[in-house]
Amino acid sequence: MIVLYKLKRFFIQHCIILSWQGAALALLLYVSISYALLFLCGETDLLALPDFPYWLIVTASTVGYGDLSPQTHGGKMTAALFVIPFGLSLFAMFLGRVAVFAAYHWKKGVNGLKQLNCTNHILVIGWGEMRTLHLIRLLLREQFGALETHKIVLCAKAEIENPMPDQIDFVKVDSYNDDVQMDRACLEKASTIIIDTPEDDVTMTTALYCASRNKSAHMIAYFNDEKLSQLLKTHCPNIECTPSVDVEMLAKSAMHPGSSALHQDLLNVQDGMTQYSIKYPAQSKSVLLGDLFFPLKQKHDAILLAVGDSKGSVILNPPLTHMIHPGTMIYYIADERIDGLNWEKLCV
């Protein structure tokens, strides 16, 4: 009785619920019974390899090429009453299992529960609804036409699904400083980390945590309170802190009408001129800024706006006599990104 009970339990667990083990067992039984029945019917021509698996698959799927077929009455009855009906059932069962498996993993990815395998990606931490969606769209647009593009991964605590499943990856976490959960977002492999959470204190702790886990990534943190951004810079000077500039923009627009529209155009990559950056090649020789400024304007209709210095700061509107050394970051305004520049010909 115990053996029968165990067999019944095994059958229910693996066959009735159509687990992969049950499907494999059903397939094995189907092939074995088909072989045995054909053997008893004297269909020896169909049982030779590789004819038997070929004929069984073609017949069970009802493709039926007709190049091989049973010759005896018993073989024909076996094909009609067992091979085809049970084969169709197995075929439908496997298709169903594959569909369920694919749907499960797709849903798991949409819900942000999958382990990602990303390298050199842009990790966006935090969720601010339309603000975050706008940020992601801008990041995607910024990479349009670039020689090197980066996958975008959104990491959020909010109860949401992947807002753009066809364009970005998504990871749902309960905490931004949980090692196991943040590993699913491949935190240590990210090339750029953007931290923009609704609360400044969460942004602060998340930035400190990310800086301890990934020291080589370019990290940007957004704060509403500029004092917190200054505090973070004292502990992590390499983090680029972006404070809220709403008040500054109001004052600038009051004194200089049109300033808000000007700044909006400079940041908007959807239409018109906008700001980009490019690194002066490490293998090139040092040149004067003036040797780049005029060729950029004449040949690419781009205006050199600023350059980065060795300390990571930005020098806005540098003089034409400023020396551009290999590896210097150059910021410019143009209608489209300029990649693949031939710097030697540009300076001629």
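Starting afresh in each chain, residues are numbered from 1 along the sequence in its written order. With pLDDT at 70 or above as the cut-off, local features in this predicted model cover only qualifying residues; side-chain atom pairs require 80 or more to be listed or tallied, and sums for whole chains, interfaces and linings still use all residues. Only hydrogens and water are set aside; all other atoms, that is, all heavy atoms of the structure, feed into the side-chain values.

Caption draft 1: Highlighting the sheet that holds strand β12 (residues 329–334). Strand order in this open sheet of 4 strands is β7-β12-β9-β10, and the pairing throughout is antiparallel. Edge positions in the open sheet fall to β7 (274–279) and β10 (314–316), since each of these has one partner strand only. Averaged over all neighbouring strand pairs, the angle between strand axes comes to 30°, with direction disregarded. DSSP-based pairing: two strands are paired if at least 2 bridges between them are found. A run of DSSP states H or I qualifies as a helix once it reaches four residues; a run of E qualifies as a strand once it reaches two. Both are numbered from the N-terminal end. For strand β9 (residues 303–308) and β10, the ladder comprises 3 bridges, and the chain directions are antiparallel. For V307, the partnering residue across the bridge sits in β10 and is I315. Here an axis means a line fitted to C-alpha atoms, over the contact stretch when the element is a helix, while the angle between two N-to-C directions is reported on a 0 to 180 degree scale.

Caption draft 2: The arrangement of the nonpolar core in detail. Nine residue types can take part in a nonpolar core, namely buried Ala, Val, Leu, Ile, Met, Phe, Trp, Tyr and Cys, and a core is a set of them joined through side-chain atoms within 4.5 Å. Here's how the labels work: a residue is buried when its accessible area is under 20% of the maximum for its type, exposed when over 50%, partly exposed in between, all with a 1.4 Å probe on protein chains only. By size, the foremost hydrophobic cluster in this structure holds 44 residues, and its most contacted members are L123, I125, I193, I195, C210, L232 and I239. Where this core is concerned, the elements lending two or more residues are β1 (122–125), α5 (130–142), β2 (152–156), β3 (169–172), β4 (192–195), α7 (200–213) and β5 (218–223). Among the elements that line this core, the one with the most residues is α7, at 6 residues. Residue contacts for L123: discarding those within four places in its chain leaves V153, C155, A185, L187, A190, T192, I193 and I194. Grouped together as the second largest cluster of nonpolar side chains are 18 residues, L304, V307, A334 and I338 included. Working rule for contacts: check all heavy atoms of both residues, and any pair within 4.5 Å makes them a contact.

Caption draft 3: Region of interest: helix α11 (residues 289–300). Here a helix's expected span is defined as the number of its residues, less one, multiplied by 1.5 Å. A rise of 1.5 Å per residue sets the reference length of α11, with its 12 residues, at 16 Å; its end C-alpha atoms lie 16 Å apart and thus fit the reference within 8%. Residues L289, G290, L292, P295 and L296 constitute the buried set of α11. Each element contacted by the buried residues of α11 is listed here: β8 (287–288), β9, β11 (323–324), β12 and α12 (343–347). Phi turns positive, to about 50°, at D301, one or two residues after α11.

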